[in-house]
Amino acid sequence: CIVSTGIPDVNFFLPKRPKDDSKYSVGQPLDLVVDDVNTESRTVTVVHRKNNYHDIPLATKSLPFLALSPGMLFEVLIDKKVATGYIVNYLSLFHGVIDRNSTYKLYSDDEWEALGTKENTLLARIIFIDHASKTVRLSCRPHIISLRKPSHLPALGSTLENGAVILRSKLGALVRVSPDEEAEAAEEGADGRIKKKQRKQQEEEAHLKAEKTLNVVIKATELADLSSATGGDDSDDDDAKASDDSSDDDSQKNVSKSQGEEPIKKHKIHNVYTVGRVIPAVRVQGLRLVEGVVIGSNMKKYVESQILHVTDVRVGQVLPVEVTEVTASGLVLSIAGRIAAFCPVAHTSDSANAESKIAKKFSVGQKLTMRVLNKSAKGRVIMTNKKSLVELAEESVFADLARIGERQETTAVVESIDERGVGVRFFSEVRGLLPLAVLTKQGVQHPQEAYRVGQLVRVLSLAVIHPTPLTDAKKKNKKARHEAAGHVLCALAFVLSEDKLVELFHAIAPLRERSAADSSAPAKSTANGKAAATAATATAADFEFVSGAVAGITEESFSVRLDDGRTATLPKVQCHDFGFAAASLSVKDKARYPYKIGTRIEGALVLGTVKKQLTLTLKPLLLKAARHELGEEVIFPADGHGVSQGSVCVGVVKKVDDFGVIVGFRGSLAALLPRSNLADRFVAADERLFAEGDVIRAVVQKVDVAAQRYLLTTKPSAVPKAPGLHRYFHAYLHDRFVATQRTSQAEGQLLPDWKTYRLGSVVKATVSTVEDYGVVYLGQDQTTMMLDRGATAAAAAVGKTVEVLVQDVDYEHRVLLVKALDKAAAKAFQKPNKAAVGAVGVSQEVTIERVTPQYLVVSNGAVAGFAPLADFHVAHPDTSSFAVGDKVAATLQVQRRGVAADALRFPHEDVTLFALDDLSAAYGASHAATGSKSAAKQKKAAEAAAAAAAVSVEEGDLLEGELDLRKTFALEPPAFRVRLANGLVARLCFTEVAEPAQWEDYADVVALWRQWQRDDELHGDADDADEKAAVRDEHLAALRRLQKRHVAHGQAVTVRVVAVNGHRVDVSLRASRVAAEKIGQQTKADAMPAVGAVVAAYIHNVSNKGCFVRLSQTLKGRSLIKDLADTFVESPEDAFPTGRLVACRVQSVDMLKGHVSVVLKESVVHAAVANKKALQKLRAGMTVKGTVETVKDVGVFVRIGGTNVVGLARAVAALQDASKTLQEEYAAGDIVRARVLKVSPNTQRLALAEGRLVPDSANDFERLVIGQPNSSFLWIQYVAFHVKNADIDAARVIANRALRTIHFREEEEKFNVWVALLNMEYRYGSRDSFDKALTQAVNESKGKYVFLSLAGTMEQARDIAGAEQLFEKALKRPQFRKSKKVWMAYHLLKLKAGDVAGAKAQLSRSLQALAPHKHVEVIRSFAQAEFDHGSIDRGRVLFEELLSNYPKRNDLWNVYVDKEVKLGHVVQARQLFERMIALKVSPKVMKTVFKKYMAFESQHGDARSQEL
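Note that this is a predicted model, so its numbers are computed, not measured. Here the residue index of a chain counts from 1 through its sequence in written order. The predicted origin of the model limits local features to residues at a pLDDT of at least 70 and limits the giving and counting of side-chain atom pairs to 80 or more, whereas totals for whole chains, interfaces and linings rest on all residues. As a rule here, side-chain values cover all heavy atoms of the structure and leave hydrogens and water aside.

J.: Which residues make up the overall build of the chain, and what are the values?
T.: Helix and strand definitions follow DSSP, with helices as H or I runs of at least four residues and strands as E runs of at least two, each counted in order from the N terminus. When helices and strands are tallied, the chain shows 49 helices and 59 strands. When a residue's accessible area, from a 1.4 Å probe over protein chains only, is under 20% of the maximum for its type it is buried; when over 50% it is exposed; and in between it is partly exposed. Looking at the 1508 residues of the chain, the share that counts as buried comes to 44%.

Structure (structure tokens):
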């Protein structure tokens, strides 16, 4: 709330406090306490202290000062009257002030002088108190006395007439506006009667009467200059007096002729605004509620203005405005000189590229006519200067959904273009949509190409979609709020016929129906929604089915344009129930490809949204599950609320790995089916029971809602038999037929004529050949081959015609499988007896005719059929107990329907189905088979079961186990084994064995492990069990002799689980973790070490480049080979074995990447000791060599070569030429010779006298270059020596001599000289000499780098034009035109120079010139340059385009997020990290992403963000 306190020019603000349900109204009196004061903005924040003022006693004999508070009412005694008010006394102890603005009425100066102090006592209330300074202000205003809102105050914007001036000063004027005389007389009569009845209220009555007179304060800046109406600017006091004597009528007449246009100057107020002068009109601008006065203005532009306050502004109103500021983002405007408004740059003109013209087209002070585009709840006014919108008719302004009807035409601005269509915006947050379905029918196939954001478009309203209610959960989702907001469905405003309009209305019908469904659904609370979702399984209403047409085809998916205008993706794997059928789809076989552009997709199920696009499925089994057509209650959930333990669910296999199967559901929900839960028997890691894309049916075994973990099982003993087994059977055989048919067509082979020779029918066939594997028949068409595997040569003769029963199709050999029948059997099958066939649902005995891995072919003498063995969850049942000819009990489940042959889609679509009464033969045989497994497989099974147990282990768990020191882990970090009680093997990192202060060396343990490995290789094939046992005993004895303090083989331990990563479980033995009660302390990672700190670490591994050390379980450090030791190490692997405990000093820390660089040198780690030893070797008078560290005014600091000792050579001892300064003589990095003056071992200080090694004459240089002829450093210093002496010719000669002298193999040294020569020629040479040197350098040295180095020199010299010419010259050479480094340097130069258009043009040129594989690097470099030297938004756009094309390029993500972090954009960086962790990348890459994210949050986040 904005509150009024009576203190002028100070803003008081009462913020809304949490859990404060107080309601305030305008004019309500409040008791406030100052909470904060901002002197710069003159703003005071206050706190409301709730008091009941009416309970405060009117008079109290004794009251301490600290007990006084605002609102107390007292009878005060006037001590003194002064020009500004009263000084009063109350309670006989305290003094206060009542200023003239707080008296019960406001007086003119004459009235105040004549008032006197007759009324010695007054009734006053405290309005301000400062206990520190003991300052008290009181008020006698009537509304303050009665604690109510001032009455009779006018409304804001109203006009008060005929007010008289009663006070004036340089600050302004006070005008009194008397009430209407007749009303005043009537009220006086009423007051008279009241006085007779209630005499005790006389004082209050007087206050009320005084309140009816309005007092208007007009500030000097709001006071009109009316001097022209009174005869000139320079009127003197005599003129003023004459003016006072003039009549009121004349004054009014004069003023009415001319109203002031400009504010009056302060020195003229006294002469123009005389006491008693009548002001014809004053416009109310505000109220001062404490004093009960009105703030007004009599300036003409305010009195006559329609707009005075922001509340007067309405959306769609056309208003005159004045430009007060021109910015890159738009125009800052003023309405009526008082109301601030803003016109975005996109709305400054109808043109879409208005940004480039805004500075030229508009200027401060310019007057324009604009239309109000929007007004926020906080009063922010947005204007538009688009001519098409400003000139719109009033009825075409869409500012309220309730006033928009069908077929209204208007103009809108394109706001977005996405998969739904083109989003447009009208006025006042009213938005519209040109649906894709409508645009398509109007001829717009590609909206992204036809429209651009900011473009004006003429539209016709078709329907209004009103806002839909949202649940509490969806209210927090920005996208859900946007979709639920009301909008207008539109069409392009072409000349539309009635038939075309009807067609468009049909096109938007699905959108209107969906909106109606959403609005009719009652909004439920989050709690109720969760309860309902948990209590019931999904119904058909929970699923969305859509239809559309194929709009695009890729190798892996189809793009589908839905009937409602949206676009969706149908992955190829979602077209069939089984992965092998989906794999048979090949877009290369266009002639037989089942999907083409325009192919209709009917009744597809929406799985969810991926990258803002719908994902569909056409898997028949999933569609049946969604429609509850599987014969049982199964769930196909979209989130965890519908998943409960024991539920039967269906899903899709997303990934098959050694540890198990990942099963996907709708949305992003997924669950794990561990390998141990696949079957009741042992399943090997390489045994693939499922393929990616298979539909799977399973039971939910475990639910962890908090961690979003779900475990499934498909064990036959745990999963109930599927009542819809025949549906699975049909789906399997259909996909098998489709896959075989596609393969056969691709290979040019034909399947047998299964439509003529239908399964289960009796047909005639002729014996073709008799083979060992059976009898081959030919059908009557002489092409269809049939095979009877059970027939023998004795029973068949070639050429003989027999009747056969078609039993099955052999897809592998592409023949029909048949059985020869005698006449009686053939007749029984051709005309089956109903009694022999049996009734559906009745069990009967059938004979096994054929055994396959998935089903049995059976018959009962009257009908042949199929008995499925494989359920959803048993892909490969055991069929060893079934044999041809066996009798089994089965129940008739589905009878053959007699579908016409032409209507059949696959051979098994219309067949008789039986269900075996006892499937234990298929399921139970696996238990017996387990016992015959080899010991190796049993061991493998045990390990698989233990790995699956890791899924149930969570971070923070406290577990019991046993140490196993016989082996180490190959994976990092080096660790001990801990065998847990649940059979799981966990890892105990060396750094987690004890607290860091108690670590011990384990290099000897690792050495033993390596020896054991060699022994195992030596004795691994030994047949003598005693020999192997002896080797193991020797190993254990050696281990016990090590006598480690914290670990021992077989030791029982209690460990804390600190990390679970897949099947890898890391535990800790640290006492601080095991005893910790808070979860955060139990698993909290060790803090990053500080730079310069000395820390303990374990050697992880050593290579020829350096050494990695383990600082903690999650943190590794790296030491370069040069930082391992102070002396040369011949064999780093032997000097630093794995497991060695070392001390190292932290050199650098990269918090974002989690990288730590360390040094193991003893001189660095123990620098203080090393320095002391080095100082002890130094003696006064010794001459030493060193390197200049820094140059200060006190002297030069030199590091002694080969040590870390730094000595000081004071200025007196360091300067040999008093005319020069230290900075002129020395620079950091100079190699110098110094003489030791004094050594102080106790304070470790060293005093030096310094002499330079740099020669001072040409002869000195000649001696040096003879000794080191290949040193470019010396040659360049020699050249600089001549340049310093202004002998350019000599310098040029020396440079050319250096190029001839340096050996041709020293390319880098020659390159350095070329760069120095070119820099010299550029600064001091002629144009010809420069060009000659440049041409020669490019031809003889590394030309590309010569150009780049010289361009950098020109850029430093601010010669941008010269650098651009140099780049253009380089790009004329073909070898440099194909170099990405040259192009990237050119881009950077353009952006640094502020030439954005030129940089973009060069980017286009570079992409045309460079090979495609270099484009990514060039665009990435350009985006980085935009961040550093151009526009951050343009840089983001470039990165987003790159990532949309290369979403898995982790290097691009890292560069992008590093740029955001470097610029301090924490929110944007966090959003990028969230997108990165949602990527589907390898675990190794995701691990680096999480490390980087955690390092970022530890530096920039808070506890909550780090926990999330």
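J.: Which residues make up the sheet that holds strand β18 (residues 367–375), and what values go with them?
T.: Around the barrel, five strands lie side by side as β15-β16-β17-β19-β18; this closed barrel has mixed pairing. Between one strand axis and the next, the sheet turns through 50 degrees on average, direction left out of account. By definition, two strands form a pair when at least two bridges between them are found by DSSP. Where strand β15 (residues 318–327) meets β18, five bridges bridge the pair, whose relative direction is antiparallel. Paired with Leu-319 across the bridge in β18 is Met-370. For every element, the axis is a line fit to its C-alpha atoms; helices are fit only across the contacting stretch, and the angle between N-to-C directions ranges from 0 to 180 degrees.

J.: Explain the pairing of strand β19 (residues 381–384) residue by residue, including any values.
T.: Residue alternation in β19 divides its side chains into two sets, Val-381 and Met-383 and Ile-382 and Thr-384, and both sets are buried. The pairing of strand β17 (residues 339–344) with β19 spans two bridges and is classified as parallel. By the bridge assignment for β19, Phe-342 is matched with Ile-382. Alignment of β18 against β19, held across four bridges, turns out to be antiparallel. Opposite Asn-374, over in β19, you have Ile-382 as the bridge partner. Connecting β18 to the next strand, β19, in antiparallel fashion are five residues, including Gly-379 with a positive phi near 90 degrees.

J.: Give a description of the packing of helix α46 (residues 1450–1462) against helix α47 (residues 1466–1477) that names residues and reports values.
T.: The axes of two packed helices give the description: the angle between them and the distance between them. Contact geometry for α46 and α47: axes closest at 8 Å, N-to-C directions at 160 degrees. On the basis of their axis angle, the class for α46 and α47 is roughly antiparallel. At the point where α46 passes α47, the crossing takes the left-handed sense. Residue-level contacts link Asn-1450, Trp-1453, Asn-1454, Tyr-1456, Val-1457, Glu-1460 and Val-1461 of α46 to Gln-1468, Ala-1469, Leu-1472, Phe-1473, Arg-1475 and Met-1476 of α47. In terms of residue class, the contact of α46 with α47 is made up of eight nonpolar, three polar and two charged. Here is the rule for angles: anything less than 35 degrees is roughly parallel, anything more than 145 is roughly antiparallel, 65 through 115 is roughly perpendicular, and the remaining ranges are oblique. We call a crossing left-handed when the near helix sits turned anticlockwise from the far one by less than a right angle, and right-handed when that turn is clockwise. Two residues qualify as a contact provided that any one of their heavy atoms is within 4.5 Å of a heavy atom in the partner residue. Gly counts as polar in this scheme, as do all residues outside two lists: the nonpolar Ala, Val, Leu, Ile, Met, Phe, Trp, Tyr, Cys and Pro, and the charged Asp, Glu, Lys and Arg.

J.: Give me the lowdown on the confidence of the model for the chain, citing residues and values where you can.
T.: Atomic detail in the predicted coordinates should be set aside for any region of low pLDDT. A residue's pLDDT is simply how confident the predictor is in it, with values from 0 to 100. Overall, the predicted model of the chain reaches an average pLDDT of 79, with 83% of residues at or above 70. Between the elements of the chain, mean pLDDT differs from a low of 36, seen in helix α17 (residues 526–535), to a high of 93, seen in β19.

J.: How would you sum up unusual backbone geometry? Please name residues and give values.
T.: At Glu-429, a position not held by glycine, the phi torsion is positive, near 60 degrees. Counting through the fold element by element, Glu-429 comes out in the loop between β21 (421–425) and β22 (431–435). Unusually for a residue other than glycine, Arg-1358 sits at a positive phi of about 65 degrees. With respect to the helices and strands, Arg-1358 occurs in the loop between α39 (1343–1356) and α40 (1360–1371).

J.: Go over the environment of Asp-1150 with me, naming the residues and quoting the values.
T.: Structurally, the position occupied by Asp-1150 is in strand β53 (residues 1141–1150). Through-space distance from the C-alpha of Asp-1150 to that of Met-1088 is 9.5 Å; in sequence the pair is 62 residues apart. When near neighbours in sequence (up to four residues on either side) are disregarded, Asp-1150 contacts Met-1088 and His-1155.

J.: Any details on helix α15 (residues 498–507)? Residues and values, ideally.
T.: For α15, the set of buried residues is Leu-501, Leu-504, Phe-505 and Ala-507. Projection of α15 onto a plane perpendicular to its axis shows the buried side chains occupying an angular sector of 155 degrees, all on one side. Counted as exposed and oriented over 90 degrees from the buried face of α15: Asp-499 and His-506. Arc, as used here, means the arc of the directions from the helix axis to the C-beta atoms.

J.: Break down empty space enclosed by the protein for me, with residues and values.
T.: Grid points spaced at 1 Å over the protein atoms alone were grouped into cavities, where a 1.4 Å probe fits but cannot get out, and pockets, open sets with protein on both sides within 12 Å along at least five of seven lines, with lining residues defined by an atom within 4 Å of a point. Grid points are joined across faces, edges and corners, and a volume is the space filled by probe spheres set on the points. Following the criterion strictly, the structure yields three cavities of 30 Å³ or more and no others. As a volume, the largest cavity reaches approximately 70 Å³. In terms of residue class, the lining of the largest cavity is made up of seven nonpolar, one polar and four charged.

J.: Please give an account of α47 that cites residues and values.
T.: Between its terminal C-alpha atoms α47 stretches 17 Å, which fits the 16 Å expected from 12 residues at 1.5 Å a residue. Looking only at α47, the buried set comprises Ala-1469, Leu-1472, Phe-1473 and Met-1476. The arc that holds the buried residues of α47, viewed along the axis, is 100 degrees, so those residues lie on one side. Buried residues along α47 sit in contact with α45 (1432–1445), α46 and α48 (1483–1500). Given the number of residues in a helix, its expected span is that number minus one, multiplied by 1.5 Å.

J.: So what's going on with the packing of helix α37 (residues 1307–1324) against α39? Residues and values would help.
T.: Relative to each other, α37 and α39 sit at 40 degrees, their axes nearing to 10 Å. Overall, the two elements α37 and α39 adopt an arrangement that is oblique. For the crossing formed where α37 meets α39, the hand is right-handed. Contacts from Phe-1311, Val-1315, Leu-1318, Asn-1319, Tyr-1322 and Arg-1323 in α37 reach Tyr-1345, Val-1346, Ser-1349, Leu-1350, Thr-1353 and Met-1354 in α39. For the contact of α37 with α39, the class distribution of residues is eight nonpolar, three polar and one charged.

J.: Mind laying out a positive patch on the surface, listing which residues take part and the relevant values?
T.: Here the term patch refers to residues with relative accessible area over 30% and no salt bridge, with like charges joined within 9 Å and nonpolar side chains (Val, Leu, Ile, Met, Phe, Trp, Tyr) within 5 Å. Only the protein chains shown count as covering a residue, and every accessible area follows the Shrake-Rupley method with a 1.4 Å probe. The working definition used for a salt bridge is a side-chain nitrogen of Lys or Arg within 4 Å of a carboxyl oxygen of Asp or Glu. His residues and chain termini do not enter the charge count, which takes Lys and Arg as positive and Asp and Glu as negative. In this description, the location of a charge corresponds to atom NZ of lysine, CZ of arginine, CG of aspartate or CD of glutamate. Positive charge collects at one region of the surface, where Lys-611, Lys-654, Lys-1448 and Lys-1480 lie side by side. Take Lys-1448: it is sitting in the loop between α45 and α46.

J.: Can you lay out the packing of aromatic side chains for me, pointing to particular residues and giving the numbers?
T.: Any pair of aromatic rings gets described here by the distance separating the centres and the angle formed by the planes. Ring pairs are drawn from Phe, Tyr and Trp, using the six-membered ring of Trp, whenever the two centres fall within 6.5 Å, and their geometry is named by plane angle: stacked under 30 degrees, edge-to-face over 60, tilted for the rest. Under the criterion given, the structure shown has 30 aromatic pairs. Taking the centre distance of 5.1 Å and the plane angle of 45 degrees together, the rings of Tyr-86 and Trp-112 count as tilted. Linking Tyr-86 in strand β6 (residues 85–90) with Trp-112 in helix α1 (residues 109–115), this pair joins segments that are 26 residues apart in sequence. With respect to class, Tyr-86 is no different from Trp-112; both count as buried. When the centroid spacing of 4.7 Å and the interplanar angle of 10 degrees are considered together, the rings of Phe-1439 and Tyr-1456 count as stacked. Residue Phe-1439 is located in helix α45, and its partner Tyr-1456 is located in helix α46; the two are separated by 17 residues in the primary sequence. Residues Phe-1439 and Tyr-1456 agree in their burial class; the two are buried. Ring pairing ties together the aromatic residues Phe-976, Phe-990, Trp-999, Tyr-1002 and Tyr-1098, which thus form one cluster.

J.: Describe in detail the side chain of Thr-713, supporting the description with residues and values.
T.: The topology assignment puts Thr-713 in strand β34 (residues 709–713). Under the rule applied, a polar contact is a pair of N or O atoms within 3.5 Å (in protein, one hydrogen donor and one hydrogen acceptor; residues adjacent in sequence only if both atoms are side-chain atoms). A polar contact of 3.4 Å, which involves the side chain of Thr-713, links it to the backbone oxygen of Asn-677. A polar contact of 3.3 Å, which involves the side chain of Thr-713, links it to the backbone nitrogen of Lys-715. Setting aside its immediate chain neighbours within four residues, Thr-713 contacts Leu-673, Asn-677, Ala-698, Val-699, Gln-701, Ala-718 and Val-719.

J.: Give me the lowdown on the pattern of salt bridges, citing residues and values where you can.
T.: Opposite charge on two side chains permits pairing when their charged atoms draw close. The tally for this structure, following the rule as stated, stands at 50 salt bridges. Note that Glu-415 and Arg-425 form a salt bridge whose closest N and O atoms lie 3.8 Å from each other. You can see Glu-415 sitting in strand β20 (residues 409–418) and its partner Arg-425 sitting in strand β21, a full 10 residues away along the chain. When its relative accessible area of 28% is taken as the criterion, Glu-415 is described as partly exposed. Between Lys-1392 and Glu-1355 there is a salt bridge, with its nearest N and O atoms 3.2 Å apart. Remark: Glu-1355 occurs in helix α39 and Lys-1392 occurs in helix α42 (residues 1380–1392); sequence separation between them is 37 residues. Judged by its relative accessible area of 23%, Glu-1355 falls in the partly exposed class. Here the salt bridges share partners, and the residues they tie into one network are Glu-415, Arg-425, Glu-429 and Arg-431.

J.: An account of the sheet that holds β20 is requested, with residue identities and associated values reported.
T.: Spatially, the five strands close up into a barrel ordered β20-β21-β22-β24-β23, and their pairing is mixed. Pairwise comparison of adjacent strand axes, ignoring direction, gives a mean angle of 50 degrees for this sheet. Note: β20 against strand β23 (residues 456–465), five bridges, orientation antiparallel. Within the sheet, the bridge partner assigned to Glu-409 lies in β23 and is Leu-460.

J.: Could you give me a rundown of the pairing of β23, with the residues and numbers involved?
T.: Among the 10 residues of β23, eight are classified as buried, and the element is accordingly described as predominantly covered. Summarising the sheet, β23 and strand β24 (residues 487–492) pair through six bridges and their orientation is antiparallel. Considered in β24, the bridge of Leu-460 is made with Ala-491.

J.: If you had to explain the side chain of Lys-572 to someone new, which residues and values would you point to?
T.: In this fold, Lys-572 is placed in the loop between β27 (567–571) and α18 (579–583). A relative accessible area of 9% places Lys-572 in the buried class. Residues within four places of Lys-572 in sequence aside, it is in contact with Glu-555, Glu-556, Ser-557, Phe-558, Ala-582, Leu-585 and Tyr-593.

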